[in-house]
Amino acid sequence: MNTRDLERELAKLSVNPRRYNLEGLQPDSSEGLVLVREGTKWLVRHFERGSWYTLQTCESETDACASLLEYASDPFYRS
């Protein structure tokens, strides 16, 4: 899975697009998930009211996308 595939899967789950960003930037809402590439690593991060929290560090884009999708499956991200 890559970020384009992930975006399609998030849409299928009706995840609010304001609650995530796949380009390493702050999401449009005050809380959300972010996918970040740092060197050779991929980070799944959560942004909450100005603070960043790293949820998982992955070796591949595929693993990071799968991880973000798992977190985004929580109903919180659909609102």
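Scroll up a little and you will see the structure.
Values in this document were obtained by computation on a predicted structure and should not be read as measured data.

Draft legend 1. Structural context of the packing of helix α1 (residues 3-12) against helix α2 (residues 61-72). Two elements in contact, α1 and α2, have axes whose closest approach is 10 Å; the angle formed by their N-to-C orientations is 15°. One element, α1, and the other, α2, form an angle in the roughly parallel class. As α1 runs across α2, the sense of the crossing is right-handed. Residue-level contacts link Thr3, Leu6, Glu9 and Leu10 of α1 to Glu61, Cys65, Leu68, Leu69 and Ala72 of α2. Grouping the constituent residues of the contact of α1 with α2 by class yields six nonpolar, one polar and two charged.

Draft legend 2. Expanded view of the pattern of salt bridges. Enumeration according to the criterion identifies five salt bridges in this entry. Residue Asp5 pairs with Arg8 through a salt bridge whose shortest N-O separation is 2.4 Å. Highlighted residues: Asp5 and Arg8, both in helix α1, separated by three residues, approximately one helical turn. Between Glu59 and Lys41 there is a salt bridge, with its nearest N and O atoms 2.5 Å apart. With Glu59 in the loop between β4 (51-58) and α2 and Lys41 in strand β3 (residues 41-48), the pair connects residues that are 18 residues apart, well separated along the chain. Bridged by salt links that share partners, the residues Glu31, Glu48 and Arg49 form one connected network.

Draft legend 3. Representation of the sheet that holds strand β2 (residues 31-38) in the model. Taken in spatial order, the four strands of this open sheet run β1-β2-β3-β4, and their pairing is mixed. The outermost strands of the open sheet, each flanked by one partner alone, are β1 (20-21) and β4. The sheet contact formed by β2 and β3 spans eight bridges and is antiparallel. Across the sheet, the residue bridging to Arg37 is Trp42, located in β3. Those strands touched by α2 are β2, β3 and β4, and its axis lies near 175° from that of β2.

So, how was this worked out
Residues numbered from 1 in each chain as written. Predicted model: local features only at pLDDT ≥ 70, side-chain atom pairs only at ≥ 80, totals over all residues. Heavy atoms only, no water. Axes fitted to C-alpha atoms, helices over the stretch in contact; angles between N-to-C directions. Helix = DSSP H or I, 4+ residues; strand = E, 2+ residues; numbered from the N terminus. Parallel < 35°, antiparallel > 145°, perpendicular 65-115°, else oblique. Left-handed = near helix turned anticlockwise from the far one by under 90°. Contact = heavy atoms within 4.5 Å. Nonpolar A, V, L, I, M, F, W, Y, C, P; charged D, E, K, R; others polar. Salt bridge = Lys/Arg side-chain N within 4 Å of Asp/Glu carboxyl O. Pairing = 2+ DSSP bridges.

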